[in-house]
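Each chain, letter by letter, is given below.
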Amino acid sequence: MLGKDINGLGPVLRLEEEVADALAEGRAVVALESTIITHGMPWPRNVETARQVEADIRAGGAVPATIAALDGVLHIGLSDGALERLARAEGVMKCSRADLAIALATGRPGSTTVAATMMAAHAAGIAVFATGGIGGVHRGAETSFDISADLDELARTPVCVVAAGAKALLDLPKTLEVLETRGVPVIAHGQDAFPAFWSRDSGLAAPYRMDTAEEIAELLALRARMAGHGGVLVANPVPEADEIPPAEIASVIDQAVAEATARGVGGKAVTPFVLAMIYELTRGRSLVTNIALVRNNARLAARIAVALAAREHASRTGRLASDV
Ligand code: PSU
Ligand code: MN
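All values derive from a computational prediction rather than experimental measurement.

Caption draft 1: Seen up close, the domain arrangement of the chain. Looking at the chain, the domain boundaries give domain 1 (1–126) and domain 2 (128–319). Here the C-alpha centroids of domain 1 and domain 2 sit 19 Å apart. At the junction of the two partners, domain 1 supplies 35 residues and domain 2 supplies 35 residues. Here domain 1 and domain 2 share an interface that buries about 2,800 Å² over both sides, 66% of which is from carbon and sulfur atoms. The interface formed by domain 1 and domain 2 includes three salt bridges. Salt-bridge contacts for lysine 268 lead to aspartate 99; the nearest nitrogen and oxygen are separated by 2.9 Å.

Now the structure itself:
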């Protein structure tokens, strides 16, 4: 079925039937990105994780919608066969905002980053999105100007992104500064510190803290009424049992970033290169942590989407006086 023509993406948008039904009935839906599948994890752990994350969202009472560009169509929800094809494919385009139309126009397979997934989710009418970590301001950005388009997308597109903060391979203080400048609320879930992907504590305070999905849903409902509002970043720390403490991961990250610089790896290739290198250096432990944190984010995103759907239902049926 074709989606609504929001942002002009309507003609190329295809909502999987289950996703379309859930949206039409006002049930909870959680969007999922696909760059983590094609560029973030090795085969076959990538497809296993993608399936597991979808199952986690279902267990939380929401419908998963993994997003990718295939054959010139922007899919909102992938069949299991399409998911596996994407996970196995070589040469998939990593699509951020700048690349999405190219993948769609040429028919090349494209996986979506946080930025492109937000665009697609919003066009389809999905308000909540789970991922691993967002892109941000890279170390040395003062000379390289390498700042992920994820930050601009968070500023402009009204989707709630649930992530385990940002990877410590980025410059986290600068990332938080840019998010503030661009008007993006950053909320740590269940703790005061901004999490750093593999580690629970970046050593930086998050601007805000919320402890329940209901509180976050209330914020989203309120923000949805504000003109020109953009996204919200919910920073959810990796479960304690799965974290790699900052002291252990720091030297590995430094080594991987130094190697990327020495080999002249730049632009879109930086994050995949550094992630692969960290995987080697930690002998796979970084991947175990990565999988655990994505699943943890999927569970929280499902709770937020369920709380949001319940609120919207209540406001339609007039049960919440504040919403009438
Ligand atoms: N998290 C991972 N692996 C990834 C990414 C995040 O564990 O590959 C991806 C996300 O899709 C994110 C993107 O949006 O990296 C950021 O890339 P860039 O810095 O080029 O914008
Ligand atoms: Mn970049």
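Once the structure has been displayed, the description carries forward.
Caption draft 2: Spatial organisation of the site of ligand 1. Taken together, the neighbourhood of ligand 1 is formed by 16 residues, with Glu33, Lys94, Val114, Ser148 and Asp150 sitting nearest. In the model, an oxygen atom of ligand 1 is placed 2.7 Å from a nitrogen or oxygen of the glutamate 33 side chain. Separating an oxygen atom of ligand 1 from a backbone N or O atom of valine 114 is a distance of 2.8 Å. When ligand 1 sits alone it has 480 Å² of accessible area, and the protein chains cover 95% of it.

Caption draft 3: How the structure looks around the nonpolar core. Residues Ile76 and Ile134 are the most contacted members of the largest nonpolar core, which totals 114 residues. With 13 residues, helix α13 (residues 285–316) is the largest single contributor of residues to this core. Both of domain 1 (1–126) and domain 2 (128–319) provide at least three residues apiece to this core. Sequence-distant contacts of isoleucine 134, that is, excluding residues within four places in its chain, are made with Val114, Asp150, Leu151, Leu154, Val161, Ala163, Gly165, Ala166, Lys167, Leu170, Leu179 and Leu233.

Caption draft 4: Just the pattern of salt bridges, in detail. Counting across every chain of the model gives 17 salt bridges. Put simply, arginine 45 and glutamate 48 hold a salt bridge, and the shortest N to O gap is 3.2 Å. Here glutamate 48 and arginine 45 lie together in helix α3 (residues 45–59), a separation of three residues that amounts to about one turn. Residue glutamate 48 is classed as partly exposed on the basis of its relative accessible area, which comes to 40%. For aspartate 192, the salt bridge is made with arginine 209, and the minimal N-O distance between the two is 3.2 Å. Placement of aspartate 192 in the loop between β9 (186–189) and β10 (208–210) and of arginine 209 in strand β10 is noted, with a sequence separation of 17 residues between them. The class for aspartate 192 is exposed, based on a relative accessible area of 52%. A network of salt bridges, in which partner residues are shared, links Arg51, Asp80, Glu84 and Arg88.

Rules of the game
- Residues numbered from 1 in each chain as written.
- Chains lettered and ligands numbered in written order.
- Predicted model: local features only at pLDDT ≥ 70, side-chain atom pairs only at ≥ 80, totals over all residues.
- Heavy atoms only, no water.
- Domains from an automatic or database assignment.
- Contact = heavy atoms within 4.5 Å.
- Buried area = accessible area lost by both parts, 1.4 Å probe.
- Salt bridge = Lys/Arg side-chain N within 4 Å of Asp/Glu carboxyl O.
- Near = heavy atom within 4 Å.
- Polar contact = N/O pair within 3.5 Å; in protein donor to acceptor, adjacent residues only side chain to side chain.
- Areas by Shrake-Rupley, 256 points an atom, 1.4 Å probe, with all protein chains shown as cover.
- Core = buried A, V, L, I, M, F, W, Y, C linked by side-chain atoms within 4.5 Å.
- Buried < 20%, exposed > 50% of the residue type's maximum accessible area, 1.4 Å probe, protein only.
- Helix = DSSP H or I, 4+ residues; strand = E, 2+ residues; numbered from the N terminus.

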